[in-house]
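Structural overview
What follows is the residue order along each chain.
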Number of protein chains: 2
Amino acid sequence: MPSKPGAQPARRSAAEPASTGLRERILSATRELLRERRFDTLSVADILTAAEVSRASFYFYFPSRQAVLGELVRDAVAQGQQAAAPWIGGSQDPVAALRAGVRDGARLWRDNAGVLMAIVESQGSDEGLRALWLEQMNLFTDAAVARIESDPQARRRLGDMDVRAVAASLTWMGERLYYLAAAGVPPFDDEEVLVDVLTNAWVSILYGRPVTPPSRIPRAEQRKDAAD
Amino acid sequence: MPSKPGAQPARRSAAEPASTGLRERILSATRELLRERRFDTLSVADILTAAEVSRASFYFYFPSRQAVLGELVRDAVAQGQQAAAPWIGGSQDPVAALRAGVRDGARLWRDNAGVLMAIVESQGSDEGLRALWLEQMNLFTDAAVARIESDPQARRRLGDMDVRAVAASLTWMGERLYYLAAAGVPPFDDEEVLVDVLTNAWVSILYGRPVTPPSRIPRAEQRKDAAD
DNA sequence: TAATGTTCAGACACAGTGTATGGTTCCCTT
DNA sequence: AAGGGAACCATACACTGTGTCTGAACATTA
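Because the structure is predicted, anything quoted here is derived from the model rather than measured.

1. Things to note about the interface of chain A and chain B
- Across the contact, 39 residues belong to chain A and 39 residues belong to chain B.
- The tally of links between chain A and chain B comes to four salt bridges.
- Notably, a salt bridge pairs Glu 121 of chain A with Arg 130 of chain B, separated by 3.9 Å at the nearest N-O pair.
- In this structure, the connection of chain A to chain B is made through four residue pairs in polar contact (both at pLDDT 80 or more).
- Contributions of two or more residues to the side of chain A that touches chain B are made by helix 7 (127-149), helix 9 (163-182) and helix 10 (191-207) of chain A.
- The greatest single-element share of the side of chain A that touches chain B, amounting to 11 residues, is contributed by helix 9 of chain A.
- Partitioned by chemical class, the residues of the side of chain A that touches chain B number 19 nonpolar, seven polar and 13 charged.

Right, here's the structure in full:
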């Protein structure tokens, strides 16, 4: 059927990682596109162009457009889980620990804004992505439950409330606020405000006491972190 | 161009509201379809069939599929705003007032689950719907801000925190939890749990005190409401 | 050399959206 | 009663996007 196969060995610009596996190229091209464009405006053709990959190759590695996003999300969240790991076993001041965890979340979202916004926005149009996100949020909820259960003070305060429900509500509030921040919706686009509000919510619900404004109390031993 | 126009006067089944304006028919057919089907799986053709309306008529009244949803959402939320009106000027016990407001929200979502889920899920694929939903949530946030500002106790507790941010976070937590409930995601699919958790969040954040379990204290003067 | 795996270009079938055309019916006005 | 226009219809079209398929060019390894 083809009239004249002028197949060239696909010569790529030297600047691009030409030898990299196509699979990786597709993933990172998508991740890159997602930095500026919403997932729903992203056609497979766009990805093909950006990744310099043929249509056939794309479907050789991924069953669908959504599958690519799914993998990107898993990667991002896994990386986030790792960062949040020390959060659970935190033996320091609970409020400081909470705030640190919230800030880690903000950073994770800031660094992976495109991908995370994409899945949040695409849940409505894909069953698989919806399930995936639910699953990821459940992981965070599990961590929060563990955190609460191992904290007598919080347990006491919560009384006979459904601990998992409380943990889940906190998780989802975070999801929503981080998303809004990533979308640039005020007032959450200000990371300071975002972290304050979220931390305050956790502390208020778990301990009842109002959040101890950390910016007002410049303790010497804040939290050892990399440069901000 | 047309070979043979055999146009019949469109005879509808007597059981259906035949004389109703097509516009209304389109709206209610969509609303009905949304009761069982997700918006993204709903094609214009589906709506045409259900409403017994021609394609041309559809586009005569609405510029797009999304516009129909937009109108349904406006209707539902307006109805909800009305129901939530007394919530602001509540002079009763603040906790009871809060709980009542939360419950009203739950009811609104229960009664309009299809439509509300649809817009939440379709934000990602339509700029207009995204803006609309943002706008609606801002209305709720405005109400919450007013509520907080006129409450000395809450104001004091919040200290120098960004009141609007706190109000918005509460609003969005509600949005998320109601949505999850509508989607049947546990543990929020249990209205009792949902209301408890949300109320507790509001009370904890605004007043610091843990929620007074209402089911444990069967006061005679609960809240005068229609039959449950 | 032959088999196998990777990659390509291109075409295809299908579905969905929004627009356009032309025709019908019915009501309201003149 | 004529006729003008609004509401309505069926049909077809142009376009965009998805996922599949074909056939061929390579490259690697057996």
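2. Side note on the protein's contact with DNA strand C
- Near DNA strand C, the surroundings consist of 17 residues, among which Ser 54, Ser 57 and Tyr 61 of chain A together with Arg 55 and Tyr 59 of chain B are the closest.
- Val 44 of chain B has a polar backbone atom sitting 3.3 Å from a phosphate oxygen of DNA strand C.
- Arg 65 of chain B places a side-chain nitrogen or oxygen 3.5 Å from a phosphate oxygen of DNA strand C.
- Secondary-structure elements contributing two or more residues to the surface near DNA strand C are helix 3 (55-61) of chain A together with helix 3 (55-61) of chain B.
- Looking at the surface near DNA strand C residue by residue, the classes come out as eight nonpolar, four polar and five charged.

3. A short note on the protein's contact with DNA strand D
- Taken together, 18 residues form the shell around DNA strand D, and within it Arg 55 and Tyr 59 of chain A together with Ser 54, Ser 57 and Tyr 61 of chain B come nearest.
- If you look at DNA strand D and keep only atoms within 4 Å of the protein, 64% of those are sugar or phosphate atoms.
- The separation between a phosphate oxygen of DNA strand D and a polar main-chain atom of Val 44 of chain A is 3.2 Å.
- Between Ser 54 of chain B and DNA strand D, the recorded distance is 3.1 Å, taken from a backbone N or O atom to a phosphate oxygen.
- Broken down by secondary-structure element, the contributors of at least two residues to the surface near DNA strand D are helix 3 of chain A together with helix 3 of chain B.
- Ranked by residues supplied to the surface near DNA strand D, first place goes to helix 3 of chain B with five residues.

4. Brief notes about the pattern of salt bridges
- Inspection of the entire model under this criterion finds 30 salt bridges over all chains.
- For Glu 127 of chain B, the salt bridge is made with Arg 130 of chain B, and the minimal N-O distance between the two is 2.7 Å. In this pair, Glu 127 of chain B and Arg 130 of chain B are both assigned in helix 7 (residues 127-149), three residues apart and thus about one turn of the helix distant.
- Look at Arg 130 of chain B and you get buried, because its relative accessible area is 9%.
- A single salt-bridge network, built from bridges that share partners, covers Arg 38 and Glu 121 of chain A together with Glu 127 and Arg 130 of chain B.

5. So, the packing of aromatic side chains
- Taken as a whole, this structure holds 10 aromatic pairs over all chains when the rule is applied.
- With 6.0 Å between their ring centres and 45° between their planes, Phe 58 of chain A and Phe 62 of chain A make a pair best called tilted.
- For Phe 58 of chain A, a relative accessible area of 0% gives the class buried.
- A ring pair is formed by Phe 60 of chain B and Tyr 61 of chain B, whose centres lie 4.9 Å apart and whose planes are at 85°; its orientation type is edge-to-face.
- What links up through ring pairs into an aromatic cluster is the set Phe 58, Tyr 59 and Phe 62 of chain A.
- Across the ring face of Phe 39 of chain A, the terminal group of Arg 65 of chain A is positioned such that the distance to the ring centre comes to 4.3 Å.

Cut-off values and rules
Here, residues in each chain are numbered from 1, in the same order as that chain's written sequence. In the order they appear in the text, chains get letters beginning with A and ligands get numbers beginning with 1. Local features are withheld for residues below a pLDDT of 70 in this predicted model, meaning they are given only at 70 or higher, and side-chain atom pairs are given and counted only at 80 or more; totals for whole chains, interfaces and linings count all residues. Side-chain figures throughout are based on the complete set of non-hydrogen atoms in the structure, without hydrogens or water. The criterion used for residue contact is that any of the two residues' heavy atoms lie within 4.5 Å. Any carboxyl oxygen of Asp or Glu within 4 Å of a side-chain nitrogen of Lys or Arg constitutes a salt bridge here. N or O atoms closer than or at 3.5 Å make up a polar contact, with two conditions inside protein: a donor-capable atom paired with an acceptor-capable one, and, for residues adjacent in sequence, both atoms drawn from side chains. Under the DSSP-based scheme used, a helix requires at least four consecutive residues in state H or I and a strand at least two consecutive residues in state E, with every element numbered from the N terminus. Residues are sorted three ways: Asp, Glu, Lys and Arg are charged, Ala, Val, Leu, Ile, Met, Phe, Trp, Tyr, Cys and Pro are nonpolar, and all the rest, Gly among them, are polar. By convention in this text, a residue qualifies as near a molecule or strand provided that one of its non-hydrogen atoms is within 4 Å of it. Any residue under 20% of the maximum accessible area for its type is buried, any over 50% is exposed, and the rest in between are partly exposed; the area is computed with a 1.4 Å probe on protein chains only. Only centres within 6.5 Å qualify two rings of Phe, Tyr or Trp (six-membered ring in Trp) as a pair; their planes then separate them into stacked at under 30 degrees, edge-to-face at over 60, and tilted for everything else. A ring is considered to have a charge above it if a Lys NZ or an Arg CZ atom is located within 6 Å of its centre and within 35 degrees of its normal.

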